[in-house]
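Commentary on secondary and tertiary structure
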Amino acid sequence: MNTVVHPPDALSAEQRAPGAAGAAPSSPAKARRWYSALTSDQALIALLILLAVICYGNTLFNAFVYDDEQQILQNPYVKSWHYLPQIFGSTVWSFVGAAGTTNYYRPLMTFTFLVLYQLFGDIPFGFHLFNITLNAAVMIMVFYAGRRLFHDRRVAFVAAVLFAVHPVHTEVVNWIAAVPELEVAFFVLLAFWLYLQLDRPSSKLYFATVAAFALALLSKEPALMFAPLALVFEHFVRDGHERTALLIKLKRYAPVCVAAAAYLLLRIALFGKLAPVLQHPQVTWPQAIYSAFALVAGHTKYLFWPAPLSAFHVFHASLSLGEPRVLAGICIFAIAAALILFLYKRAPQAAFCIFWMGIFIAPMLNARWMAANVFTERYLYLPSVGFCWLVAWCGMQLWDRRSAAQAVWPRALLVTAFAAIAVVAIVAVVRRNRVWRDDWSLYTRTLQTNPDAAVIRSNLGALYFDSEQFERALEEWQIALAQKPDNTVTMNALGIVYTRLGRYAEADAIFKRALAARPLWGDTHFNYAHLLQKTGHFPEALQEFKTAVELAPLSGAAHRWYGEALVENGQFDDAAVQLEQAVTLEDSLQSMQDLVNVYIRQGHFAQAEPLLRRIITRFPFDSSAHLLLAKVLEASGHRAEALREYQQVLSTDSANAEAKAAVQRLNR
């Protein structure tokens, strides 16, 4: 027996009755008008947007955190439209050079960062605003797609509210680098909403569905699961599927399948295979299967009870079928399968929601392919759509069990429970947002819940190093390396701090260990080169710097350090080439100052002058830049302009003897 559902905009009998929504019986028409206005699509969407702002408005002033700095601030792809071919023709980490091989092809993410960087520069406010806006758009699509799926606006709205307040989504909305989760969810939901309308023939709908699906595929790999999702929906869920000819069904989802196949071929063409990197080769296939069930249990637990929330959940492979978490996962899988079989004739939409959760969690269950944090909260963003739809449907089933007269107290209890859960969830979300306000807060709080998170501890060590707490940085990095002995990032960091502390023998040993483990990573090469410089091995240092820029040709820092080493060796022409590349890539003050000094030493004043003016435009109170420009102008014969620049120096540095002498000289 099929579940009774409501038309998209239908209201129940008691909702249409005079006096609904608390109106006086003497004004039924006015009451109906008020109720219609309050429950219109526009009003519900406005409420969802307001809820999105309430939940995540306090993220707007959060900083760049975690991978944001490398993916945005250190990524040349987001600084110039010149790199569009690389954005769409390589992996997300290809900008780091030879070590950037990965399974992640997400060009829409980097393209989004490119657009946002052109609009907002290195100010995180704009990036956070985009995440909040896109999360609100996803919530709206949860509502629209849910309404078409269930033909019940109540289910759709309750589901969208649940999605809005679910604390498991905080990582996705707070973390700028998690924008692929937002984008893939939006475009998958858009594609699904459009696909639901294909029961009426329209070539525009077919094109729009495939276009939305293609954008989802360019956002993140799990979008590929939309193809089997469409197939299952067509054969088992769509209204009238029993009476629809097979050819018509094929016509509806064939374009989606063709797009999926084209995407797979594109990955093979670009990378040589579907997944070029095996992330966890030490995990055997039996362990991967056991771990998959354990992950099912973990994902299910966080859908129902999202605590403790953490930016990094340490993964431990499951070693046997008898582990409690593996057995729990098997039970959950069996229950889900049984529910689908039980519901697909009685309530096919509800069964489809369970399938939605499973199909979008499935790609994250193979630990051998996943990143270091095999389980992470952001992976639940898209699967949780099905969860929210299912919970909302169950709530409406309870609501409709009896007439309004018979169910006053049960309904009041249901509303009270829903409101209480929503308020508690909103408070949890707002509080969690503050953890993501900066790296210090994020790393320290993460280590409180996951003290074995070696990656996070290594990042915390970098913060101590940047604040010149070298001994504390050393302590954190030593612990991190003990927790994860194969982490070359930590090895490289230890080499840097050993060098800074003058422990050169230990630095040499750890750098060589890092180079042996990851020879294609440019960062270790140029940091090792610094050590060789300090220990008097200059020819070897120059070779390491050269190797670094060959391995990481888009690293502005690598070119800058190589250029500085060439200057020290008296190779000014070669140094100018490297420093020009550094200025193009990173546009830092240090790179520009280094290049100006080289130009001046070469006597190339015409090249130094525009670069100095560029520095002054960005840093108008930099007296050293004004002094250098004054010297260049004086050497070029522009005495009046030089005098003004010397005077500008004295306006910020009145004791500058060189500027004083120059002013006296030029005033004679």
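Provided above is the structure to which this section pertains.
Only a predicted model underlies this, so the values are computations on that prediction, with no experimental measurement involved. (Residues numbered from 1 in each chain as written. Predicted model: local features only at pLDDT ≥ 70, side-chain atom pairs only at ≥ 80, totals over all residues. Heavy atoms only, no water.)

1. Quick word on the overall build of the protein chain
When its secondary structure is counted, the protein chain shows 32 helices and 0 strands. By its C-alpha atoms, the protein chain is 100 × 65 × 50 Å across when sized along the principal axes. When burial is assessed residue by residue, the protein chain has 51% of its 668 residues classed as buried. In the protein chain, of all internal contacts separated by at least 6 residues, the share reaching a separation of at least 24 is 66%. A total of about 30,100 Å² of accessible surface is found on the protein chain, and carbon and sulfur atoms cover 64% of it. (Helix = DSSP H or I, 4+ residues; strand = E, 2+ residues; numbered from the N terminus. Buried < 20%, exposed > 50% of the residue type's maximum accessible area, 1.4 Å probe, protein only. Contact = heavy atoms within 4.5 Å. Areas by Shrake-Rupley, 256 points an atom, 1.4 Å probe, with all protein chains shown as cover.)

2. A closer look at a positive patch on the surface
On the surface, Arg-431, Arg-434, Arg-437 and Arg-445 cluster together into a positively charged patch. The topology assignment puts Arg-445 in helix α19 (residues 439–449). (Patch = residues over 30% accessible without salt bridge, like charges linked within 9 Å, V, L, I, M, F, W, Y side chains within 5 Å. Salt bridge = Lys/Arg side-chain N within 4 Å of Asp/Glu carboxyl O. Lys, Arg positive; Asp, Glu negative; His and termini not counted. Charge placed at Lys NZ, Arg CZ, Asp CG, Glu CD.)

3. Let's talk about the pattern of salt bridges
Per the counting criterion, the structure on display carries 21 salt bridges. For Asp-152, the salt bridge is made with Arg-154, and the minimal N-O distance between the two is 2.9 Å. Relative accessible area serves as the criterion here: at 17%, Arg-154 is assigned to the buried category. The partner of Lys-631 in a salt bridge is Glu-658, with the nearest N and O atoms 2.7 Å apart. Here the residue Lys-631 occupies a position in helix α30 (residues 623–635), and Glu-658 occupies one in helix α32 (residues 657–666), the gap between them amounting to 27 residues. The structure contains a network of salt bridges with shared partners spanning Asp-41, Arg-147 and Arg-153.

4. A word on the nonpolar core
One finds Leu-149, Phe-192, Trp-356 and Trp-389 to be the most contacted residues of the largest nonpolar core, which totals 134 residues. In contact with Trp-389, not counting residues within four places along its chain, are Val-142, Ala-145, Gly-146, Leu-149, Phe-150, Val-155, Ala-159, Leu-189, Phe-192, Cys-353 and Trp-356. Grouped together as the second largest cluster of nonpolar side chains are 37 residues, Leu-447, Leu-463, Ala-507 and Leu-531 included. (Core = buried A, V, L, I, M, F, W, Y, C linked by side-chain atoms within 4.5 Å.)

5. Concerning the side chain of Asn-433
Turning to its location among the elements, Asn-433 is positioned in helix α18 (residues 408–435). Asn-433 gets classed as buried once you look at its relative accessible area, which sits at 0%. Engagement of the side chain of Asn-433 in a polar contact is seen with the side chain of Asn-58, the distance being 2.7 Å. Filtering out sequence-adjacent residues up to four positions away, Asn-433 remains in contact with Cys-55, Tyr-56, Asn-58, Thr-59, Asn-62, Thr-170 and Asn-174. (Polar contact = N/O pair within 3.5 Å; in protein donor to acceptor, adjacent residues only side chain to side chain.)

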